Amino acid sequence: MGARFDERRLAQAAATGDQLAWDALVDRFGELVWSTARAWGLTPEQGADAVQVTWLRLAEQLERLQEDDDRLGVWLAATARRESLRLLGPGRETRQGPDMSSGPPAPAAAAGSSRDGLLWRVVHELPERCRRMLRILVTTPPPSHEEVAAALDLPVASVGGLRADCLRVFRGRMAKISISAEIGDS
Amino acid sequence: MSHEPFDQHQGLDPQDERLLGELRRAAGRYDAPPASVMEAARASFTWRSIDTELAALAFDSAVDLPVGAVRSAGGPRQLAFDAPGLTVEMEVSPDGPHRRLRGQLTPPLPSHIEVRHAGGTTSVDTDALGRFSADAISPGPVSLRCHSTEAPSAPRFATEWVPL
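Residues numbered from 1 in each chain as written. Chains lettered and ligands numbered in written order. Predicted model: local features only at pLDDT ≥ 70, side-chain atom pairs only at ≥ 80, totals over all residues.

Across the contact, 45 residues belong to chain B and 46 residues belong to chain A. Elements supplying a minimum of two residues to the side of chain B that touches chain A: helix H1 (5–9), helix H2 (14–30), helix H3 (35–43) and strand E1 (53–60) of chain B. Partitioning the side of chain B that touches chain A into residue classes produces 23 nonpolar, 9 polar and 13 charged. (Contact = placed C-beta atoms within 7 Å. Helix = DSSP H or I, 4+ residues; strand = E, 2+ residues; numbered from the N terminus. Nonpolar A, V, L, I, M, F, W, Y, C, P; charged D, E, K, R; others polar.)

In structure tokens:
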């Protein structure tokens, strides 16, 4: 429980006005918030807006959240999801099939010949549900099941199973293009 | 500072663990949060209000259309915020590249309002009926901070940040 104790102390310090404690929270959870926005298909520009509103709301609510600040990641992921959906608006269409508009930025798209680049492109060609799951899972540091559930609006108990399913689907796609998904194979 | 390994590796077989590790590396390479986004997140701290009651977002026409409503293109956005003791209703319309806000406080206590937005802070006062308007508001996150000018000991309120 050491990591959660640190987060609680940082949140308490930030609530008293400590900018450095706040910066440490941003470093700790910044990728989770960004990954949530990108998992929901926001463009980088939309993602920047959703991320900023999420952090502004946390700043506004730091004192109110103090009892719950060992679940800060969950709160941030849920808020990032709501803000992402707000920016997408009602009646948004679910993206089907390959769509690189939420994929790698243009220069990276050209790096598709590298294994990393290929893996990344295949993630974005998965069905929506699995694209979202894998996009969240690859956050650094790895999110907890509760954080994944909050980011994707899933029951916590379903996260493990969906994760396994989506990795299986990913391997299936890689096999179809005759590239091994295992490290060390050429 | 990271989660303990058990959090993530619950039930993951070694192959899946390795694959996720590769994908995580690819994510860091191709879709890390831009430095400007992280900087804005750090700077968000300076916008916090202390000693204010939060007026939570209760309605946003961008998300919560009433049942049967038809969304007209270009119609003003409607927002409502609730706190114990105050409701703030607001209509947002384009003002060139900026936004114009028209709103109403309930109860309609004469109040001073600070509109915090990407372009700075715009101060306005309500009229005797609790109505207010603010022009040239920059697009982006907005929060209103209000306090009654007739009852100085009344609580100060801040609306939840909303992107306009």
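Residues and elements named next belong to chain B. Relative to strand E2 (residues 77–83), E1 runs antiparallel, the two being bridged by 4 bridges. By the bridge assignment, Asp60 is partnered in E2 with Leu79. Both E2 and strand E3 (residues 86–95) contribute to a ladder of 7 bridges, which runs antiparallel. Residue pairing for E3: Leu79 is matched across the bridge by Met90. Counting the residues that bridge the hairpin from E2 to E3 gives 2 residues, and of these Gly85 lies at a positive phi of roughly 100°. (Pairing = 2+ DSSP bridges.)

Let us now look at the packing of helix H7 (residues 128–137) of chain A against helix H8 (residues 145–152) of chain A. Residue and element names in this part refer to chain A. Packing of H7 against H8 leaves a shortest axis separation of 10 Å and a crossing angle of 135°. Taken together, the axes of H7 and H8 are oblique relative to one another. Pair H7 / H8 crosses with right-handed handedness. Residues Arg132, Met133, Ile136 and Leu137 of H7 form the contact with H8, whose participating residues are Val148, Ala151 and Leu152. (Axes fitted to C-alpha atoms, helices over the stretch in contact; angles between N-to-C directions. Parallel < 35°, antiparallel > 145°, perpendicular 65-115°, else oblique. Left-handed = near helix turned anticlockwise from the far one by under 90°.)

How big an interface is tends to be reported as the loss of accessible area on association of its parts. What the domain assignment reports for chain B is domain 1 (13–44) and domain 2 (49–65 + 77–163). Centre-to-centre separation of domain 1 of chain B and domain 2 of chain B, based on C-alpha positions: 36 Å. (Domains from an automatic or database assignment.)

What follows covers helix H6 (residues 115–123) of chain A. Residues Leu119, Trp120, Val122 and Val123 of chain A constitute the buried set of H6 of chain A. Each buried residue of H6 of chain A lies within a common arc of 160° when the element is viewed along its axis, so the set occupies one face. Where H6 of chain A is buried, its residues contact H7 and helix H9 (159–176) of chain A together with H2 of chain B. (Buried ≥ 20, exposed ≤ 12 C-beta atoms within 10 Å, placed from the backbone. Arc of directions from axis to C-beta.)

Once that is clear, we can look at the pairing of strand E5 (residues 111–117) of chain B. All names here are of chain B. Burial runs high along E5: 5 of the 7 residues are buried. Note: E5 against strand E8 (residues 141–148), 6 bridges, orientation antiparallel. Following the sheet pairing, Val115 is matched in E8 by Leu144. Both E5 and strand E6 (residues 120–125) contribute to a ladder of 6 bridges, which runs antiparallel. From the neighbouring strand, Val115 faces E6, where its bridge partner is Thr122. Counted along the chain from E5 to the antiparallel partner E6, the turn is 2 residues long.

This part takes up unusual backbone geometry. A cis geometry characterises the amide bond from Thr140 of chain A onward to Pro141 of chain A, with omega recorded as -10°. Following the sequence through the fold, Pro141 of chain A ends up in the loop between H7 and H8. Note the cis peptide between Thr106 of chain B and Pro107 of chain B, where omega equals 0°. Among the secondary structure elements, Pro107 of chain B is positioned in the loop between strand E4 (98–106) and E5. Non-glycine residue Asp153 of chain A carries a positive phi angle of around 60°. With respect to the element layout, Asp153 of chain A can be found in the loop between H8 and H9. Here Asp153 of chain A falls in the partly exposed class, since 13 other C-beta atoms lie within 10 Å of it. The phi torsion at Asp51 of chain B lies on the positive side, around 60°, for a residue other than glycine.

On to the packing of helix H4 (residues 72–88) of chain A against H8 of chain A, then. All names here are of chain A. At their nearest, the axes of H4 and H8 sit 7 Å apart, and the two run at 15° to each other. In terms of orientation, H4 and H8 fall into the roughly parallel class. Between H4 and H8 the crossing geometry is right-handed. Touching Gly73, Val74, Ala77, Ala78, Ala80 and Arg81 of H4 are Glu146, Glu147, Ala150 and Ala151, all from H8.

Core analysis: the largest hydrophobic core is formed by 84 residues, its most contacted members being Val51 and Leu134 of chain A together with Leu23 of chain B. The biggest single contributor to this core is helix H2 (residues 19–39) of chain A, with 10 residues. In this structure, this core is formed jointly by two domains, domain 1 (13–44) and domain 2 (49–65 + 77–163) of chain B, each of which donates at least three residues. Ignoring any residue separated from it by four or fewer positions in sequence, one finds Leu134 of chain A in contact with Val123, Leu126, Cys166 and Phe170 of chain A together with Leu23 of chain B. (Core = buried A, V, L, I, M, F, W, Y, C linked by C-beta atoms within 7 Å.)

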